[in-house]
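# Structural overview
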Amino acid sequence: MTTDLDRLLLIRHFERALLDLFAKGELNGTTHTCLGQEIVPVALAPLLGPDDHVFSNHRGHGHYLARFDDPAGLLAEIMGREGAVCDGVGGSQHILREGYLSTGVQGESLPVAVGAALHLRGSGALACAYIGDGTWGEGAVYESLNLAALWGLPLLVVVEHNGIAQTTPTELAMSGTIGARCAAFGVAHTALPADDVSAIRTVLTPLVAAVRTGSPLVVEFAVNRLGPHSKGDDTRSGVSELRDWYRDMSDVTGFAEADARARDLVGSVVREVKARPLSTWGRQAVRRGA
Amino acid sequence: MRVVENLNHALHEVLAANPRAFLLGEDLLDPYGGAFKATRGLSTRFPSRVITTPISESAITGVGAGLALCGDTAIVEIMFSDFVTLAFDQIVNFAAKSVSMYGTRVPMRLIVRLPTGGGRGYGPTHSQSLQKHFIGVPGLDVYEMSPLHDNHAVFTQMIAAERPCVFFEDKVLYTKRMHEVDDLFTWDLTDGLARVHVDTPPDCVIIAPGGVTHRALAAMRRLLLEQEIVCTLLVPSRLHPLDAAPLVAVAREARSVVVAEESTAGGTWGAEVAHVLHRELWGVLRNPVALAHSADSIIPTASHLERAVLLTETTIHDTVLESLK
Ligand SMILES: Cc1ncc(C[n+]2csc(CCOP(=O)(O)OP(=O)(O)O)c2C)c(N)n1
Ligand SMILES: [Mg+2]
């Protein structure tokens, strides 16, 4: 049986492996790891059902791995290998799978999530959209909150507030607070630390049940981004002093064994996926020139 | 000097020369200096006029238009040109119309800088070449960065025109060297049009924006060495409105003309250029103007898939051969 700890560790080692592959020049393009933020999707996973729609963003590997037990499919997508979730076309930040979609344009998914919530209204299912603190700069976020509240839609907005957007600290980008902004639209808002999976579930279980009946909710998690924004572009100092669940939990009984298991699992996924042939895409018969 | 340094230098010059010049964009403060480092050093030197912004492309472009409306010079950086769609209203319906729709001309010194294009595996929402969506907007000038055009001269021209401009910067150029062409060719620059050529009259004239320069040169080299086909490359700095006369003068003498760009197929800049040339040279051209561009497709992330979609040296090479048949 996969425990929450297994899942947290899987995501942690998956992300570390990506940075490692980048450093070795074995990955092309860019990728945004969720190092330090793993608890959020893992805590939410059992609160979301198969009929719910999840909208993820550029920092979405944890969102995906918490919903689907498919590290090989995700890595193949990122590496453009056979068995990739989207044939290697979308890559790290553009993934589509039943009940799951991610895209790399900030704020774009929120109106779409409102549309999905409108579709799902009355069914008991909800639309859940992950956004970062920086994405609150986009006007589409506010138009969406207004619509969701106005129309009584089952929309759950999960904010991973890591205090930074690329290199811009929140203080340079946000006036006021997320909570006050939600209040202005009459949208329920809860702020939570992201350090204890079961505490998060205890708080959110009744709130998410209310979302399903048409009361939109914004949950704001305080998280730490422990890695660079994408790869090797961190301008911060003092990152190693930030709180890390991985360090905090390392004394828990069974941690060392679970950690070794996850590391080995990711290691074998990396070896296996790297050995696969390049992905093929139906659109390959291309027409160029005229 | 690399292209990004030349661009950085131009931005320094603009801000130094005019105490009412502003630069706005995401993540452009030092030490980071912008996602592609074009703004390095600027926030340190001009802290009150180099403004890092929230992720608000529509608003910051509108803010730039507001500064320009009040007589300032505003340069707005959109981190990836893909996100300029968010600012489309401010550019097309406000900035470009303000120079004309109030009956008298309102000078607008607004430049929207747009890091553009693929080839880096950034995926479908971070790799597009959206120039074509800005072609033919009355009141809006479309420029593209080039390794043959000094950026300070281009910025001086854009500012002097007092019309809003979008300035596309092909991301693959940043790390390339300025003013460097293959030693098989010589080049010159006249009134914003760069011409790369050999001494003999060309079989084919290739017209391309700056971002395609190196791919076009590589194709020209191969054509010359392998098949003795002589090409002249013309790189205009301003893509729209297009100064057609010098293009027409060169195209008139050649057996064929190819317009090459990275845009995906359909409604391209090249189609507009071809139309102008057909109108001017109908009955003179020996072949229809041929277009080389990327496929009619989104731009995939994986490099082997991306390569199959984007305009390459080979696309240009093959299109030139086809055009001479
Ligand atoms: C519309 C748009 N503008 C800019 C970007 C470039 N960009 C990608 S992620 C990012 C920062 C996002 O910050 P935040 O929402 O706080 O999420 P985090 O990365 O911290 O998880 C930026 C500016 C983008 N992807 N989309
Ligand atoms: Mg953030």
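For the structure, see preceding data.
Predicted, not measured: the structure shown is a model, and the values here were computed from it.

Criteria and thresholds
- Residues numbered from 1 in each chain as written.
- Chains lettered and ligands numbered in written order.
- Predicted model: local features only at pLDDT ≥ 70, side-chain atom pairs only at ≥ 80, totals over all residues.
- Heavy atoms only, no water.
- Helix = DSSP H or I, 4+ residues; strand = E, 2+ residues; numbered from the N terminus.
- Rg over C-alpha atoms; globule rule 2.2 N^0.38 Å.
- Buried < 20%, exposed > 50% of the residue type's maximum accessible area, 1.4 Å probe, protein only.
- Contact = heavy atoms within 4.5 Å.
- Areas by Shrake-Rupley, 256 points an atom, 1.4 Å probe, with all protein chains shown as cover.
- Donors = N, O, S within 2.8 Å, 3.2 Å for Na, K, Ca; no water.
- Pairing = 2+ DSSP bridges.
- Axes fitted to C-alpha atoms, helices over the stretch in contact; angles between N-to-C directions.
- Buried area = accessible area lost by both parts, 1.4 Å probe.
- Salt bridge = Lys/Arg side-chain N within 4 Å of Asp/Glu carboxyl O.
- Polar contact = N/O pair within 3.5 Å; in protein donor to acceptor, adjacent residues only side chain to side chain.
- Patch = residues over 30% accessible without salt bridge, like charges linked within 9 Å, V, L, I, M, F, W, Y side chains within 5 Å.
- Core = buried A, V, L, I, M, F, W, Y, C linked by side-chain atoms within 4.5 Å.
- Domains from an automatic or database assignment.
- Near = heavy atom within 4 Å.
- Nonpolar A, V, L, I, M, F, W, Y, C, P; charged D, E, K, R; others polar.

When helices and strands are tallied, chain A shows 10 helices and 9 strands. Since a compact globule built from 290 residues should have a radius of gyration of about 19 Å, the 19 Å found for chain A is in line with a globular shape. On the principal axes, the C-alpha backbone points of chain A span a range of 60 × 50 × 40 Å. Taken over 290 residues, chain A has a buried fraction of 56%. Put simply, of all contacts in chain A between residues at least 6 apart along the chain, 73% involve residues at least 24 apart. Accessible surface computed for chain A: about 11,600 Å², of which carbon and sulfur atoms make up 55%.

If you tally the helices and strands in chain B, you get 10 helices and 13 strands. Expected size for 325 residues packed as a compact globule is a radius of gyration near 20 Å; at 19 Å, chain B falls within 12% of this value. Within the structure as shown, chain B displays about 11,800 Å² of accessible surface, and the carbon and sulfur contribution to it stands at 55%.

So, on to the coordination of the magnesium ion (ligand 2). Ideal values differ by geometry: the angle at a metal is 109.5 degrees with four tetrahedral donors, but 90 or 180 degrees with six octahedral donors. Residue and element names in this part refer to chain A. Coordination sphere of the magnesium ion (ligand 2), protein contribution only: Asp-133 (OD), Asn-162 (OD1) and Ile-164 (O), at 2.1 to 2.2 Å. Mapped onto the sequence, the residues coordinating the magnesium ion (ligand 2) show the spacing D-x28-N-x1-I. A residue pair is termed long-range when its members are at least 10 positions apart, and Asp-133 in the loop between strand S4 (127–132) and helix H6 (139–150) and Ile-164 in strand S6 (residues 164–165) qualify at 31 residues. For the pair formed by Asp-133 and Ile-164, the shared burial category is buried.

We now examine the sheet that holds strand S3 (residues 73–77) of chain B. Residue and element names in this part refer to chain B. Read from one edge to the other, the open sheet built from 7 strands follows the order S2-S1-S3-S4-S6-S5-S11, with strand pairing classed as mixed. For this open sheet the edge positions go to strand S2 (50–52) and strand S11 (238–240), each flanked by a neighbour on one side alone. Put simply, the sheet's adjacent strands are angled 25 degrees from each other on average, direction ignored. One ladder, built from 5 bridges, connects S3 with strand S4 (residues 109–116); its direction is parallel.

Right, let's get into the interface of chain B and chain A. Counting from both sides, the interface comprises 42 residues of chain B and, opposite them, 37 residues of chain A. For the pair chain B and chain A, the summed buried surface comes to about 2,900 Å²; carbon and sulfur atoms form 57% of the total. Scanning the region where chain B abuts chain A turns up 0 salt bridges. Inspection of the chain B/chain A interface yields 10 residue pairs in polar contact (both at pLDDT 80 or more). Elements with a contribution of two residues or more to the side of chain B that touches chain A: strand S13 (290–294), helix H9 (303–309) and helix H10 (313–323) of chain B. With 6 residues, H9(B) is the single largest residue contributor to the side of chain B that touches chain A.

Glancing now at a nonpolar patch on the surface. Residue and element names in this part refer to chain A. Side chains of Leu-118, Leu-150 and Trp-151 sit close together on the surface and give an oily, nonpolar patch of about 300 Å² of accessible area. Secondary-structure assignment places Leu-150 in helix H6. For Leu-150, a relative accessible area of 59% corresponds to the exposed category.

B:Phe155, B:Val166, B:Phe167, B:Ile207 and B:Leu277 are the most contacted members of the largest nonpolar core, which totals 85 residues. It is helix H1 (residues 3–17) of chain B that contributes the most residues to this core, 7 residues altogether. Split by domain, the residues of this core number at least three in each of domain 1 (3–173) and domain 2 (186–323) of chain B. Those residues in contact with B:Leu277 that sit more than four places away from it in its chain are B:Ile207, B:Leu247, B:Val248, B:Ala251, B:Val257, B:Trp282, B:Leu285 and B:Val289. In this structure, A:Phe22, A:Leu27, A:Leu156 and A:Val266 belong to the second largest nonpolar core, which totals 59 residues.

Okay, the pattern of salt bridges next. Per the counting criterion, the structure on display carries 28 salt bridges over all chains. Between B:Arg163 and B:Asp141 there is a salt bridge, with the nearest N and O atoms lying 2.5 Å from each other. One end of the pair, B:Arg163, is in the loop between helix H5 (151–161) and strand S6 (165–170); the other, B:Asp141, is in strand S5 (residues 141–144), with 22 residues separating them in the sequence. For B:Arg163, a relative accessible area of 23% puts it in the partly exposed group. Between B:Arg215 and B:Asp170 there is a salt bridge; the shortest N-O distance is 3.5 Å. Within this pair, whereas B:Arg215 is found in helix H6 (residues 213–227), its partner B:Asp170 is found in strand S6, the two being separated by 45 residues in sequence. Like B:Asp170, B:Arg215 is buried. Salt bridges linked by common partners bring A:Arg12, A:Glu38 and A:Asp244 together as one network.

Around ligand 1, the surrounding shell holds 22 residues, and the nearest of these are A:His58, A:Arg59, A:Gly134, A:Thr135 and B:Glu57. This site is not confined to one chain, since residues near ligand 1 come from chains A and B. A:Asp133 is positioned with one of its side-chain polar atoms (N or O) 3.2 Å from an oxygen atom of ligand 1. Taking A:Thr135, its side chain carries an N or O atom lying 2.7 Å from an oxygen atom of ligand 1. Protein chains shield 98% of the accessible area of ligand 1, which is 580 Å² for the free molecule. In terms of residue class, the shell around ligand 1 is made up of 7 nonpolar, 10 polar and 5 charged.

A separate point is the side chain of A:Thr33. Residue and element names in this part refer to chain A. In this structure, Thr-33 sits in the loop between helix H1 (4–23) and helix H2 (39–44). Residue Thr-33 is classed as buried on the basis of its relative accessible area, which comes to 1%. Sequence-distant contacts of Thr-33, that is, excluding residues within four places in its chain, are made with Glu-15, Leu-19, Arg-59 and His-229.

Next up on the list: unusual backbone geometry. Residue and element names in this part refer to chain B. At the junction of Asp-30 and Pro-31, the peptide bond is cis and its omega measures out at 5 degrees in the coordinates. By the secondary structure assignment, Pro-31 is in the loop between strand S1 (21–25) and helix H2 (42–45). Residue Pro-241 is bonded to the preceding His-240 through a cis peptide linkage, with omega at -10 degrees. Structurally, Pro-241 can be placed in the loop between S11 and helix H7 (244–251). Positive phi outside glycine occurs at His-179, with the angle close to 55 degrees. Note that His-179 resides in the loop between S6 and strand S7 (186–190). On the basis of relative accessible area, His-179 is assigned to the partly exposed category, the value being 37%.

None of the figures reported here should be taken as evidence of function without further support.
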